[in-house]
Amino acid sequence: MQYDTIIVGAGPAGLAAGIYAARGALKVLIIEKGGIGGQIATSWEIENYPGSPPDSTGPGLTERMRQQCEEFGVEFATRTYLRFEQTVSGFIVKTDAGNLETQTIIMATGAEPKLIGCKGERELRGMGVSYCATCDANFFKGLKIAVIGGDTALEEALYLTKFASEIIIIHRRNELRGAKILQQRIRENEKISMMLSCVVEEIKGNGQVESIIVKNVVSGECSDVPIDGVFVFVGQKPNSEAFVGQLERDARDYLIADDEMHTNIPGIFAAGDIRRKSLRQVVTATADGAIAAVNVIKYIEERK
C-alpha cells in the first residue's frame, strides 16, 4: 500500500499536518513510537493556545487533535522510524515493524528538554517543574521559583520577574558567563538572587513542588530551600539522530527547512520543534504542520 504522505511524529505539528493533509484528500499515515502528544502531553494546563477552554490540558488538547485526524481518515501506527530510501515513485520508510511506501514524508519528531537528572525531577514534571517560561510563567504569579541553567536561564529569569515574586538562579559555576548587559540586569533586579557554585540534588514535593535540595559544589554543604516551582534551562535536544547523513541539520542538530517546510530533499518536509526556528510553542508547531501539509499537496499535484 502506498500512502500520499507519512508523518513521523504525533505531536501537535504531526497531528495538524495530518488534519490538513487528510482534508486535502490525501491518504495519510502518522507513525509514532510512543504516545500521542509529544512534549505537550506532559503539560497539565494549557492557557496560551488560542481558543482552548480554561480547563484545557496538554493530553486533552492533543487527544482532540487525534480524534479530528481520525474523523478525516488519518491512519495511525505505533512504530519506530529508522530511515528512508528514495525510489522512483517517492520513498520507502523503514521502521521496526517493516517498510512503508509513500510519495512524501513530513518529519515532525520534535525535541525534548535536557534534564538536570536529579531525584524528583521526572516525577514532578508538570507539577511545578517546567522547561518553558513562555508556556508556564502565568501559573507562578506571586510565587517563589528557582531557575536552573546558564546563559538561557538569565534571559528566562528576567522574563519570569513579570510573574514570580522571588527568583533564585542556581548555577554550577562560580560566576555567570552570559552577556554583560544580562548580568547587570540580573544583579540590579530586586526579585532575583543567585546561588553560584551550586547544583540541585533533589526536587521534593507531594504532587506539587515544595522544596529543593541544593548542594554547594565547593563546600559540599546541602541546604533545603522552600520553593513553589522550578524552571530548568539546560538546553534542548532535537530528536534528529535518525536523519544523520540524510537530511541537513544545523550546528545544534535541528533540521534545516525553509519557510515552506521544505528540507534539502524534495518531497521531505519538516515541521514543529524538530525544525530550526526561533519559537517552539504548540501554536507554532501546528502552524508548521499546516504549512507542511499544504506544500505536500502542492508537491504531489505538481508531480502529476
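Residues numbered from 1 in each chain as written. Predicted model: local features only at pLDDT ≥ 70, side-chain atom pairs only at ≥ 80, totals over all residues. Heavy atoms only, no water.

Topic: the overall build of the chain
Step number 1: A count of helices and strands for the chain gives 6 helices and 17 strands.
Step number 2: Against the globule reference of 19 Å for 304 residues, the chain gives a C-alpha radius of gyration of 21 Å, in line with a compact fold.
Step number 3: The principal-axis extents of the C-alpha atoms in the chain amount to approximately 65 × 40 × 35 Å.
Step number 4: For the chain, buried positions account for 50% of its 304 residues.
Step number 5: Carbon and sulfur atoms make up 47% of the accessible area of the chain, which amounts to about 14600 Å² in all.
Step number 6: Separation of charge centres in the chain, based on 34 positive and 40 negative side chains, amounts to 3 Å. (Helix = DSSP H or I, 4+ residues; strand = E, 2+ residues; numbered from the N terminus. Rg over C-alpha atoms; globule rule 2.2 N^0.38 Å. Buried < 20%, exposed > 50% of the residue type's maximum accessible area, 1.4 Å probe, protein only. Areas by Shrake-Rupley, 256 points an atom, 1.4 Å probe, with all protein chains shown as cover. Lys, Arg positive; Asp, Glu negative; His and termini not counted. Charge placed at Lys NZ, Arg CZ, Asp CG, Glu CD.)

Remarks on the nonpolar core
Step number 1: I7, L26, V28, I30, I106 and F269 are the most contacted members of the largest nonpolar core, which has 31 residues in total.
Step number 2: Broken down by secondary-structure element, the contributors of at least two residues to this core are helix 1 (12–23), strand 2 (28–32), helix 2 (58–71) and helix 6 (282–303).
Step number 3: For this core, the element with the most residues is helix 6, which contributes 8 residues.
Step number 4: Among residues more than four places away in sequence, those in contact with F269 are I105, I106, M107, E260, M261, H262, T263, A292, N295, V296 and Y299. (Core = buried A, V, L, I, M, F, W, Y, C linked by side-chain atoms within 4.5 Å. Contact = heavy atoms within 4.5 Å.)

Digging into the pattern of salt bridges
Step number 1: A full pass over the atoms with the stated rule returns 9 salt bridges.
Step number 2: One salt bridge connects R249 with D253, and the closest N-O pair in it is separated by 3.5 Å.
Step number 3: The partly exposed category is assigned to D253, whose relative accessible area is 34%.
Step number 4: As a salt-bridge pair, R275 and D288 come within 3.3 Å of each other at their nearest N and O atoms. With a gap of 13 residues between them, R275 in the loop between strand 17 (268–270) and helix 6 and D288 in helix 6 connect regions that are remote in the sequence.
Step number 5: Owing to a relative accessible area of 10%, R275 belongs among the buried residues under this scheme.
Step number 6: One network of salt bridges, in which partners are shared, links E63, R66 and E70. (Salt bridge = Lys/Arg side-chain N within 4 Å of Asp/Glu carboxyl O.)

Geometric descriptors of this kind do not, in isolation, establish any biological role.
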